[in-house]
Amino acid sequence: MGTTNGRTLYRNPKSGKIAGVCSGIADYFNFETWLVRVLAVSIFLLGGTGVVFVIYIALWMILDVKPQSLEYDDQHKDIEVKKKVWQAGEPAKRALFDVSRQFNGLETRLQRLEKHVTSDSFDLKREINSL
């Protein structure tokens, strides 16, 4: 559908409640999904009954489902810290915890690699392979 900054608007039924329209809109505009849902329900209840319903059904029919490859990319993207309450992302404390956990995992892997490379068995295997 529409494209802004290289992004495309998709439905996201895996993280949606009905058809994933609100979830897709939230992903596209980098909002929290709950906020888009609250806005849609509020407009629906405050008199925009027909308009919201028709737009939701139209988007359900028009928008493509988010491809699996993009879902994988979203799961493995960099940590995004919220700057405002309504933005999607992680609170600063959670992001700091996640970064710390990632660095601890990398530190452990690096220590194991260093231990292996400096071991006698590594030197022996290297000498045997060079024969």
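Residues numbered from 1 in each chain as written. Predicted model: local features only at pLDDT ≥ 70, side-chain atom pairs only at ≥ 80, totals over all residues. Heavy atoms only, no water.

Caption draft 1: Geometry of the packing of helix H2 (residues 33–45) against helix H3 (residues 49–62). At their nearest, the axes of H2 and H3 sit 7 Å apart, and the two run at 140° to each other. With respect to their mutual orientation, H2 and H3 come out oblique. Every pair of crossing elements has a handedness; the one defined by H2 and H3 is left-handed. Residues Ala40, Ile43 and Phe44 of H2 form the contact with H3, whose own contacting residues are Thr49, Val52 and Phe53. (Axes fitted to C-alpha atoms, helices over the stretch in contact; angles between N-to-C directions. Helix = DSSP H or I, 4+ residues; strand = E, 2+ residues; numbered from the N terminus. Parallel < 35°, antiparallel > 145°, perpendicular 65-115°, else oblique. Left-handed = near helix turned anticlockwise from the far one by under 90°. Contact = heavy atoms within 4.5 Å.)

Caption draft 2: Layout of the nonpolar core. The biggest cluster of nonpolar side chains holds 10 residues, and these are Leu9, Ala19, Val21, Cys22, Ala26, Tyr28, Val36, Tyr56, Leu59 and Leu63. Within the residue set of this core, elements represented by two or more residues are helix H1 (21–29) and H3. Ranked by residues supplied to this core, first place goes to H1 with four residues. (Core = buried A, V, L, I, M, F, W, Y, C linked by side-chain atoms within 4.5 Å. Buried < 20%, exposed > 50% of the residue type's maximum accessible area, 1.4 Å probe, protein only.)

Caption draft 3: Looking closely at the layout of surface pockets. In this structure, the second largest pocket occupies an estimated 620 Å³ of space. Residue lining of the second largest pocket: 25 residues in total, with Cys22, Ala40, Val41, Val52 and Tyr56 positioned closest to the centre. Only H1, H2 and H3 provide two or more residues apiece to the lining of the second largest pocket. Here the element with the most residues in the lining of the second largest pocket is H3; it accounts for eight residues. Among the residues forming the lining of the second largest pocket, the class breakdown is 20 nonpolar, three polar and two charged. (1 Å grid on protein atoms, 1.4 Å probe; cavity = no way out; pocket = protein on both sides within 12 Å on 5 of 7 lines; lining within 4 Å. Points joined across faces, edges and corners; volume = space filled by probe spheres on them. Nonpolar A, V, L, I, M, F, W, Y, C, P; charged D, E, K, R; others polar.)

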